[in-house]
Amino acid sequence: MAALLLCARKALLPGSLRRLHTVYQMAELPETHEMLRQTCRDFADRELCPIAAQLDKEHRYPAEQVRKMGAMGLMAVEVPEQFGGAGLDYLAYAIGVEEISRGCASTGVVMSVNNSLYLGPVLKFGSEEQKQQWITPFTTGEKVGCFALSEPGNGSDAGAASTVARLEGDHWVLNGTKAWITNSWDASATVVFATTDKALKHKVTVPPQHTHTGGPGQEDCRGNLLGQPGMGFKIAMQTLDSGRVGIAAQALGIAQAALDCAVDYAEKRTAFGAPISKLQGIQFKLADMALALEGARLLTWRAAMLKDNGKPYTKEAAMAKLAASEAATLISHQAIQVLGGMGYVTDMPAERHYRDARITEIYEGTSEIQRLVIANQVLKDYRC
Amino acid sequence: MAGRVLVGVKRVIDYAVKIRVKPDKTGVVTDGVKHSMNPFCEIAVEEAVRLREKKLMKEVIAVSCGPQQCQETIRTALAMGADRGIHVEVSGKDYENLGPLQVSKIMAALAKKEEASLVIVGKQAIDGDCNQTGQMTAALLDWPQGTFASEVSVDGDGLKVEREIDGGLESVRIKMPAVVTADLRLNEPRYATLPNIMKAKKKKIASVKPADLGVELTSRLEILAVEDPPQRQSGVKVESVQDLVTKLRDSGTL
């Protein structure tokens, strides 16, 4: 009787959905990170899984869930406690993003962008005053920030940004259009990249005027300078390095959700007189999927740990993002295949995982750009 | 009226895991299986922490009996807001035979040692389903008990407890010190927030042996066998109420 009440109480996916519970998965993590993983998983299972399909269907921003995540410290994992953050490390953040994304990929990216792309540069390059003003209100989940680098005319070609900034008195005035900016609809502040001339790049933090195309169109916005003039490109690149680990973590979460879905279905669906999980064709797929996922996870954790230890991690972050995003697409693609017709329809989450996974190969540096970054680093390593 | 709350937390196999019986029928497989805090114990911890937050209690102490891994369970209680922990070391055969009687003796000894005003435990654990520890602890201490609590409030020098019973709800008023067992609807346990997980690292967990508390652990119970429940038989559909009555009569049920 107790078990029945608990199932109803926990209001989870019907207890049938198999999730990986073996200890070996977690044995390598320190206790704090293990507890953090558990609390994020519980939150995702209870608050995100039940509504993820609905959020996707309605294209809704999960405002209430983001607030709850803020209360738990998830919207500002690395931010020191004095500014209202959780004061944890990047590995903790990566684990948190993965667990949240497993529940709902969109909520995962909201968390990732706020942490890595908005709070990251402000924390690293902001003055004390800027930190007070632009960090603390963005740790609670009430307000989120975003990162505006891409424009209609440039994504991968970051150097060709055409938004201009000119100094007027003690304020910078921006003019231009940004596009593809995650969180922009709901953000209360943006880190915007702009140029005074093609040779230099500036960055400013500014309350954005929203347009409806996911791009703050800024006409004569006023803003504050972050860091020194000319540092824009460097700030963007460093921020993207850490953002890549966040997106890798998001891709891991999506991949895990897709794998869970595929295994659960394979164990239940019978064909030719037995569950399809008995067929070698399915088993080989599941093995390849699990291998891709574990490999990407280890790469992601390694990149996070290098960052935590203050070591250079550009190559490792690019590898993590590349591996995780390609794993997510592979796994969700094969998950649809395992589910057959059910994989294609919206009754099952497999097609949503596929759509969620697909973008991870594109944003925060396309897979092609990641390969260039990796090759660059590899060649450097050999040339020393 | 500030005081100490002792909360018992048990490390059990996670509720979502599919249980497998060991081939030798001596128990269930626990190696490599995910464990977590008993859900009713989570509710107990939450209630204790809320009492302290309302300043009705001064300190919350989380207690767990078992092997080294129980410290993880205590750490989770600390991350939810308990102030310190006590790990009562029990391992090997003693742990396999650990049951409500021994645990209540331990809880009673600790309640006296820590001068607790209140002992809160979950109404039952999801592995043993015994529903005995709270009641036995109260009896050993000769304290009043409010079991299956769905609501607890402080009333002067006592507690008002709303109890979930088969017939509905029962309100009792009990003097403190007392024992309360938490039922499902008592509260919704909080998530351990990241800052609290960090704070929990600094909180103390004391280790103690049952012998130090004067408790001896021999069990008066012997487990004869552990088996899977029988496979569920399919039912039979009947056409009319008359058919149903005939079938029930024939099977001797009516």
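Analysis parameters
Residues numbered from 1 in each chain as written. Chains lettered and ligands numbered in written order. Predicted model: local features only at pLDDT ≥ 70, side-chain atom pairs only at ≥ 80, totals over all residues. Heavy atoms only, no water. UniProt positions renumbered as here; feature names shortened; annotations may be inferred. Helix = DSSP H or I, 4+ residues; strand = E, 2+ residues; numbered from the N terminus. Buried < 20%, exposed > 50% of the residue type's maximum accessible area, 1.4 Å probe, protein only. Areas by Shrake-Rupley, 256 points an atom, 1.4 Å probe, with all protein chains shown as cover. Lys, Arg positive; Asp, Glu negative; His and termini not counted. Charge placed at Lys NZ, Arg CZ, Asp CG, Glu CD. Contact = heavy atoms within 4.5 Å. Pairing = 2+ DSSP bridges. Phe/Tyr/Trp six-rings, centres within 6.5 Å; stacked < 30°, edge-to-face > 60°. Buried area = accessible area lost by both parts, 1.4 Å probe. Salt bridge = Lys/Arg side-chain N within 4 Å of Asp/Glu carboxyl O. Polar contact = N/O pair within 3.5 Å; in protein donor to acceptor, adjacent residues only side chain to side chain.

- An unreviewed UniProt entry lists chain B under the name Electron transfer flavoprotein subunit beta, with Huso huso given as the organism.
- Under the UniProt heading Subcellular location (unreviewed entry), the note attached to chain B is "Mitochondrion matrix".

- As named in an unreviewed UniProt entry, chain A is short-chain acyl-CoA dehydrogenase, taken from Huso huso.
- Under the Sequence similarities (unreviewed entry) heading, UniProt states for chain A: "Belongs to the acyl-CoA dehydrogenase family."
- Its UniProt record, at the heading Cofactor (unreviewed entry), says of chain A: "FAD".

### A short note on the overall build of chain B
Then comes step 1: Along chain B, the regular secondary structure elements total 7 helices and 11 strands.
Then comes step 2: Referenced to the eigenvectors of the C-alpha coordinate spread, the extents of chain B come out at roughly 65 × 45 × 40 Å.
Then comes step 3: Looking at chain B residue by residue over its 254 residues, the buried ones come to 49%.
Then comes step 4: Element-wise, carbon and sulfur atoms account for 50% of the exposed surface of chain B, whose accessible area totals about 13600 Å².
Then comes step 5: Taken together, the 37 basic and 35 acidic charged side chains of chain B have centroids lying 5 Å from each other.

### Digging into the overall build of chain A
Then comes step 1: When helices and strands are counted, chain A shows 12 helices and 8 strands.
Then comes step 2: Evaluated residue by residue, chain A yields a buried proportion of 54% over its 384 residues.
Then comes step 3: Of the contacts made within chain A by residues no fewer than 6 positions apart, 73% connect residues no fewer than 24 positions apart.
Then comes step 4: A total accessible area of about 16700 Å² is found for chain A, and carbon and sulfur atoms account for 58% of it.

### A short note on the pairing of strand β8 (residues 158-165) of chain B
All names here are of chain B.
Then comes step 1: When strand β7 (residues 145-155) meets β8, the two strands line up antiparallel, connected through 6 bridges. Looking across to β8, one finds that E151 is bridged to E162.
Then comes step 2: Where β7 hands over to β8, the hairpin turn is made up of 2 residues, of which G156 adopts a positive phi near 65°.
Then comes step 3: Across 8 bridges, β8 lies against strand β9 (residues 168-175) in antiparallel orientation. Across the sheet, the residue bridging to R163 is E170, located in β9.
Then comes step 4: The turn joining β8 and β9, which pair antiparallel and follow one another in sequence, is formed by 2 residues.

### Let's talk about the side chain of Q65(A)
Residue and element names in this part refer to chain A.
Then comes step 1: Relative to the helices and strands, Q65 is located in helix α3 (residues 63-72).
Then comes step 2: The exposure class of Q65 is buried, given its relative accessible area of 9%.
Then comes step 3: Each residue touching Q65, except ones within four places of it in the same chain, is listed here: F43, E47, L48 and I51.

### As for the environment of P80(A)
Residues and elements named next belong to chain A.
Then comes step 1: Note on placement: P80 falls in the loop between α3 and α4 (90-103).
Then comes step 2: Considering only alpha carbons, one finds P80 and E361, 281 residues apart in sequence, at a separation of 31 Å.
Then comes step 3: Excluding anything up to four places from it in sequence, P80 contacts G85, G87 and L123.

### Thoughts on the packing of aromatic side chains
Then comes step 1: Per the counting criterion, the structure on display carries 4 aromatic pairs over all chains.
Then comes step 2: Ring plane angle 70° and centroid distance 5.3 Å describe the contact between F43(A) and Y191(B), whose orientation is recorded as edge-to-face. Note that F43(A) is positioned in helix α2 (residues 31-58) and Y191(B) in the loop between β10 (178-182) and α6 (194-202), a pairing that runs across two chains. Neither residue differs from the other here; F43(A) and Y191(B) are each classed as buried.
Then comes step 3: Note on Y90(A) and Y93(A): the rings are 4.8 Å apart at their centroids and 50° apart in plane angle, and the pair reads as tilted. Taken together, the residues Y90(A) and Y93(A), both in helix α4 and 3 residues apart, mark about one turn of the helix.
Then comes step 4: Given a relative accessible area of 2%, Y90(A) falls into the buried group.
Then comes step 5: Judged by its relative accessible area of 1%, Y93(A) is buried.

### Concerning unusual backbone geometry
All names here are of chain B.
Then comes step 1: For the peptide bond that leads from M176 to P177, omega is 0°, which places it in the cis range.
Then comes step 2: If you trace the backbone, P177 turns up in the loop between β9 and β10.
Then comes step 3: A positive phi angle, close to 60°, is found at K25, a residue other than glycine.
Then comes step 4: For K25, the position within the fold is in the loop between β2 (11-13) and β3 (35-37).

### Section: the UniProt feature "domain: Electron transfer flavoprotein alpha/beta-subunit N-terminal" (unreviewed entry) in chain B
Then comes step 1: The positions that UniProt labels "domain: Electron transfer flavoprotein alpha/beta-subunit N-terminal" (unreviewed entry) are, in the present scheme, residues 25-217 of chain B.
Then comes step 2: The annotated region residues 25-217 of chain B carries 32% helix and 30% strand content, and the separation between its end C-alpha atoms amounts to 23 Å.

### So, the interface of chain B and chain A
Then comes step 1: Tallying the contact residues gives 32 residues for chain B and 28 residues for chain A.
Then comes step 2: Roughly 2700 Å² is buried in total at the junction of chain B and chain A, and carbon and sulfur atoms are behind 64% of that figure.
Then comes step 3: In terms of surface lost to chain A, no three residues of chain B exceed K34(B), Y191(B) and L194(B), which account for 29% of the buried area on that side.
Then comes step 4: Remark: the boundary between chain B and chain A carries 1 salt bridge.
Then comes step 5: A salt bridge links R75(B) to E31(A), with the nearest nitrogen and oxygen atoms 3.5 Å apart.
Then comes step 6: Our count for the chain B to chain A interface comes out at 5 residue pairs in polar contact (both at pLDDT 80 or more).
Then comes step 7: Taken together, the elements giving at least two residues each to the side of chain B that touches chain A come down to α1 (39-53), α2 (70-80) and α6 of chain B.

### Quick look at the UniProt feature "domain: Acyl-CoA dehydrogenase/oxidase N-terminal" (unreviewed entry) in chain A
Then comes step 1: The UniProt record annotates "domain: Acyl-CoA dehydrogenase/oxidase N-terminal" (unreviewed entry) at residues 31-142 of chain A.
Then comes step 2: End-to-end, the C-alpha atoms of residues 31-142 of chain A are 30 Å apart, and along that stretch the chain is 71% helix and 0% strand.

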